[in-house]
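Spelled out, the chains give:
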Amino acid sequence: MSTAEKLENGKFKWVGTRPVRPDGVDKVTGRARFGADLFLPGMLVGRVLRSPHAHARIKSIDTSKAEALPGVKAVVTRDDFKEMPSESVAAGEMMIDYRDMTRNIMAREKVLYDGHAVAAVAAASASVARKALKLIKVEYEVLPHVIGVIEAMEPGAPVLHEAMFTEGVEPTPDTPSNIAARNELGRGDVEAGFKKADIILERTFDTAPVHQGYIENHACVASVSEDGKAELWCSTQGHYMVRAFCAKLLGMDISDLRVTASEIGGGFGGKTIVYLEPVALVLSQKAHHPVKMVMTREEVFRATGPTSGANVWVKLGATKDGKITAAEAVLKYQAGAFPGSPVGPGCMCAFAPYDIENVKVVGYDVVSNRPKVAAYRAPGAPISEYAVECVVDELAEKLGLDPIELRLKNAAKEGTQAAYGPKFGPIGFVETLEAAKSHPHYNAPLGPNQGRGVASGFWFNIGGESCATININEDGTAQLMVGTPDIGGSRASMAMMAAEELGIDLDKVNPVIGDTGSLGFSFLTGGSRVTFATGKAVIVAAGNVITDLRERAAKIWDIPVDAVEWEDGFARPTSSNAGEFDPLSLADIAAMAAKTGGPIAGHAQINAQGAAPGFGTHIVDVEVDKETGRVTVLRYTVIQDAGKAIHPSYVEGQYQGGAAQGIGWALNEEYVYGEDGRMQNTGFLDYRMPVASDLPMIDTQIIEVPNPNHPYGVRGVGETPLVPAMGAVACAVEHALGTRLNELPMSPPRVLKAIGAIGEAQA
Amino acid sequence: MEQMRYEAPDTVDAAVALLVGAGGETRILAGGTDLLVQLRAEWIEPDLILDVKKIPELTEISKENGGFRIGAAVTGAELGEHLGVKKAWPGVVEAVELIGSVQIQSRATMGGNLCNASPAADSVPALIAAGATAAIAGPNGRREIPVEDVGTGPGRTCLAKGEIVTSIFLPSRPAHSGDAYLRFIPRTEMDIAVVGAGVSLTLDGGGKCSAARVALGAVAERALLVDAAARALIGTPVDDAALDNLAKAASAAARPIDDKRGTKEYRIKVSGVLARRAAQAALERARQS
């Protein structure tokens, strides 16, 4: 049966089932090897000295005492990294500039945030390394700092980069500022659109920066040989990206650096750039030993991630019957110490779920003295869409309309021209809204002090370059190799697609992640692209295996290859005209491979096009303790279009995980900075991500509106689930309270402030 | 010093002798649930770690004068399974059980919680409300002091060099008594009190409060015994008016700071809310006992 027929009849053998993941046993038994789990002979311990200042000029660094300490094998500072010219490259869904990257991994002229790396040592033991750090003398000239996005934009704010003149404004300003860039998009005429409106709402929102919160801290082991070749083992979402960045920063040939991705304990976008890796390589080069570096959680908080905190202004106009006539927004996103916040995608996504004739969105990319932001699950979108969804909800309330009805009246559909450019293909937004409307959750009764919120969300999803190799072993089993680290169960879905195509049992396919020396370039695991793009590569590779298998059968039977077809795991003559032969299984053909031309394999190296966007709608019930301001999430339902769920459990897991992270973002997660610009809550104790007992069982419903550009209809599912969550929780809290907060996180002090139980909260 | 020394004596005298003889920085290891975190985070670099878990008297729970003497190194899990203590002082036990996760409960001790001297320690307000005392051994012999006198500020205690807390004594209880401890955290678990409130009270035959003690945690440099809040209850049937007065007195006594765990005004407000709720829970227990 062809794939098209299988789709038509829904008769898949593996796709859509829920087998145990191939990496599961090793993970639950502790056998799986993560970033910190590699041990090499002669390995040293690498540690980073970090800035205690939010903003300071580095006047001098004296490493002589540290170098003299017995057991210290290498010390590196800015002098060990070469200056990089400004050059922007894609890092996942974000852009990064090599000039900034080299400064982020090791401060040069200035330290720009508390925790900024200023030196690193490699030593025989952790205690020697610790002592060595204390012996490094850094002379700082402390400068005034600025943390908040609004404060950083004010005239007279301390300027981080003396040569930063706002891009995207005419004429270019002649004084430097912290506003790296202004961008704008839109369509139609918003002024005319607002004139047609019967009601106009304007609201301003503030969101806190939040960390991706992966459980596994950054870790790597670097080993540089005297011949210039190097190996690197690290926890990353993309080892080809690590290879490219490190080779560039160190001036190496890409072929001289072999990078292996360890098992990864979460990334959520935060492991799409490099921090320790180039430093470990330089230390290893200098020390002539392998060097392991592992961040502490405190280092992760002070120096990596998060996503932007922001200030967002939204204006919506609508007719009495709920048709949105115009939408406008201004987004101010924190980029951290270097330019490159996700304000661009924030602008593009802000109104993307809706079919609105007149749209204008302006974004500002703003630097301040905090760690450089990194991608986080649909970077930029959760912030702008949170603000828009809150206003949509208020619009529905003011118009006396059901919030789902209002969304249905304005929902983007196939053929809708998105404000950010393209015309949507088949999309499942309306289907998620209809499913929400008829879901038992939406119509269940609520108790006192309880409120229900509903919100929707959009994310693009991407495709991109992926490689896959399937080697057929002598016994007829298949070795499947891909170059995208498995962060969300992708080995399972890759193996399922390979088994489906080849027509063999799933347990005959062993999926592995190849290192950079084993496969061609694969873009990183991010952008919700792997099941789509690497999945497509696997399907192409499987097709090439089948072509090879048919050729072998043709050779065995001595008939033309066109007279051999591959069906359900067997080669058969296309008809009796071709001859009478017993079908040959994959194992039969594999056993004769040596006699028919040698090993059998299929490869694919593609740039997958045609990724399709994901839409979701969330429903949440909360209860608020009006004496303490505490919010309890009682019930949560995620409804999202997956296109086609290859492994439904892992799709549901993505839905649940996104909602869980969104609940944390909505309720309690925030960075607390002291007057001195230093982060105070550098651990999970005080950076309050939700724990399991904070969450109800999150219910899920998978909608399947196939993506026509994938053989099985797959669209990305990993990022969209975060997007609606903050809006949904905010609306639920606001309905429980009868008042709107317009600020995240909705922590207990803020809730009490909002209902007037206490005065101005300072948190 | 290059090496950190670890000692695990099996008598109190040996422990005191080691402490008296030690130079440099010394830390006592009971459950280690604070100490190991501090070590790992490199906040401390002690020269000597003195493990007190091998001292039998520190790991026992015994009856004494109708009350209970609980060794300083008894774990939360052990205490939680002790039916006698649980029945007499449910508020103390529930406070101890709030310290950390299940895994932490298997290690964490009341002695450690008291001597770590965090203003937000969960067991301390409950112990203060209970009128507990701490037994201390040192080079000059043994002494017994109210628990509220042990902590003097964040990370600071009244213990002199060479002294260790060996046990905590919970007195016998009159009939119709009850205690309770509540803390506020934004999450459900794995968090540190933003405010903690412990209340212990006794009812007379007519259902009026004849004795009460109220303590607050996380709202000052150390846990506070709030006499004014107790006076708001004594002599009343613990009705709404009395509870309102208690809440007001608790809020008035709170002198918190703004920090990463909560704002000053938030903590003041919630001190009253929690004291009131804890008093209601203690009242319910007193009525049933």
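Residues numbered from 1 in each chain as written. Chains lettered and ligands numbered in written order. Predicted model: local features only at pLDDT ≥ 70, side-chain atom pairs only at ≥ 80, totals over all residues. Heavy atoms only, no water.

1. Brief notes about unusual backbone geometry
Here Glu170 of chain A and Pro171 of chain A are connected by a cis peptide whose omega angle stands at -10 degrees. For Pro171 of chain A, the location among the structural elements is in the loop between helix H6 (149-153) and strand E9 (179-187). Of the consecutive residues Leu744 of chain A and Pro745 of chain A, the connecting peptide bond is found in the cis state with omega at -5 degrees. When you line up the elements, Pro745 of chain A lands in the loop between helix H20 (725-737) and helix H21 (748-754). Despite not being glycine, Ala378 of chain A shows a phi value in the positive range, around 60 degrees. With respect to the secondary-structure elements, Ala378 of chain A resides in the loop between strand E17 (359-367) and helix H12 (381-399). Its identity is not glycine, yet Val238 of chain B carries a phi of approximately 55 degrees, on the positive side. Relative to the assigned elements, Val238 of chain B resides in the loop between helix H9 (227-233) and helix H10 (240-253). (Helix = DSSP H or I, 4+ residues; strand = E, 2+ residues; numbered from the N terminus.)

2. Considering the sheet that holds strand E15 (residues 310-318) of chain A
Residue and element names in this part refer to chain A. With mixed pairing, the five strands of this open sheet are ordered in space as E9-E17-E16-E15-E10. Each end of this open sheet is capped by a strand with a single partner; those strands are E9 and strand E10 (199-207). Taking the axes of each pair of neighbouring strands and ignoring which way they run, one obtains an average angle of 10 degrees across the sheet. When strand E16 (residues 324-336) meets E17, the two strands line up parallel, connected through nine bridges. Opposite Leu331, over in E17, you have Gly363 as the bridge partner. Strands E10, E15 and E16 of the sheet are contacted by H12, whose axis makes an angle of about 145 degrees with E10. (Pairing = 2+ DSSP bridges. Axes fitted to C-alpha atoms, helices over the stretch in contact; angles between N-to-C directions. Contact = heavy atoms within 4.5 Å.)

3. Overview of the domain arrangement of chain B
Residues and elements named next belong to chain B. The domain boundaries assigned to chain B delineate domain 1 (5-51), domain 2 (58-170) and domain 3 (177-288). Tallying the contact residues gives 26 residues for domain 2 and 22 residues for domain 3. In total, about 1,800 Å² of surface goes out of reach between domain 2 and domain 3, with carbon and sulfur atoms giving 58% of it. On inspection of domain 2 and its partner domain 3, the count reaches three salt bridges. Residue Arg285 is joined to Glu94 by a salt bridge in which the shortest nitrogen-to-oxygen separation is 2.9 Å. Applying the counting rule to domain 2 against domain 3 returns twelve residue pairs in polar contact (both at pLDDT 80 or more). Of all elements in the fold, only helix H5 (90-97), helix H8 (123-130) and strand E8 (151-153) reach the threshold of two or more residues within the side of domain 2 that touches domain 3. Here the residues of the side of domain 2 that touches domain 3 sort into 16 nonpolar, seven polar and three charged. (Domains from an automatic or database assignment. Buried area = accessible area lost by both parts, 1.4 Å probe. Salt bridge = Lys/Arg side-chain N within 4 Å of Asp/Glu carboxyl O. Polar contact = N/O pair within 3.5 Å; in protein donor to acceptor, adjacent residues only side chain to side chain. Nonpolar A, V, L, I, M, F, W, Y, C, P; charged D, E, K, R; others polar.)

4. Quick look at the sheet that holds strand E1 (residues 5-7) of chain B
Residue and element names in this part refer to chain B. Pairing is parallel in the open sheet, where three strands are placed in the order E1-E3-E2. Only two strands of the sheet have a single neighbouring strand rather than two, namely E1 and strand E2 (26-29). Mean inter-strand twist for the sheet, computed between neighbouring axes without regard to direction, equals 20 degrees. Alignment of E2 against strand E3 (residues 48-51), held across four bridges, turns out to be parallel. What sits directly across from Leu29, in E3, is Asp51. In the packing of helix H1 (residues 12-21) onto the sheet, the strands contacted are E1, E2 and E3, and the crossing angle to E3 comes to about 170 degrees.

5. Examining the interface of chain B and chain A
Taken together, the contact between chain B and chain A spans 23 residues of the former and 32 residues of the latter. Taken together, both faces of the contact between chain B and chain A bury some 2,500 Å²; the carbon and sulfur share is 48%. Viewed at the interface, chain A and chain B are joined by eight salt bridges. Here chain B and chain A share 18 residue pairs in polar contact (both at pLDDT 80 or more) between them. For the side of chain B that touches chain A, the residue count by class is nine nonpolar, two polar and twelve charged.

6. With respect to empty space enclosed by the protein
The final tally for this structure, using the stated rule, is seven cavities of 30 Å³ or more. Here the largest cavity defines a volume of roughly 110 Å³. Lining the largest cavity are 13 residues, and of these Ser118, Val124, Gly151, Arg222 and Ala223 of chain B lie nearest its centre. When contributions to the lining of the largest cavity are tallied by element, the ones reaching two or more residues are helix H7 (110-115) and H8 of chain B. Across the lining of the largest cavity, the residue classes tally to eight nonpolar, three polar and two charged. Taken as a whole, the second largest cavity holds about 70 Å³ of empty space. Forming the boundary of the second largest cavity are Val48, Arg50, Asn104, Ile105, Tyr113, Gly115, Ala117, Tyr275, Leu276, Val279 and Ala303 of chain A. Counting residues per element, the ones that place at least two in the lining of the second largest cavity are strand E1 (44-50) and helix H4 (98-105) of chain A. (1 Å grid on protein atoms, 1.4 Å probe; cavity = no way out; pocket = protein on both sides within 12 Å on 5 of 7 lines; lining within 4 Å. Points joined across faces, edges and corners; volume = space filled by probe spheres on them.)

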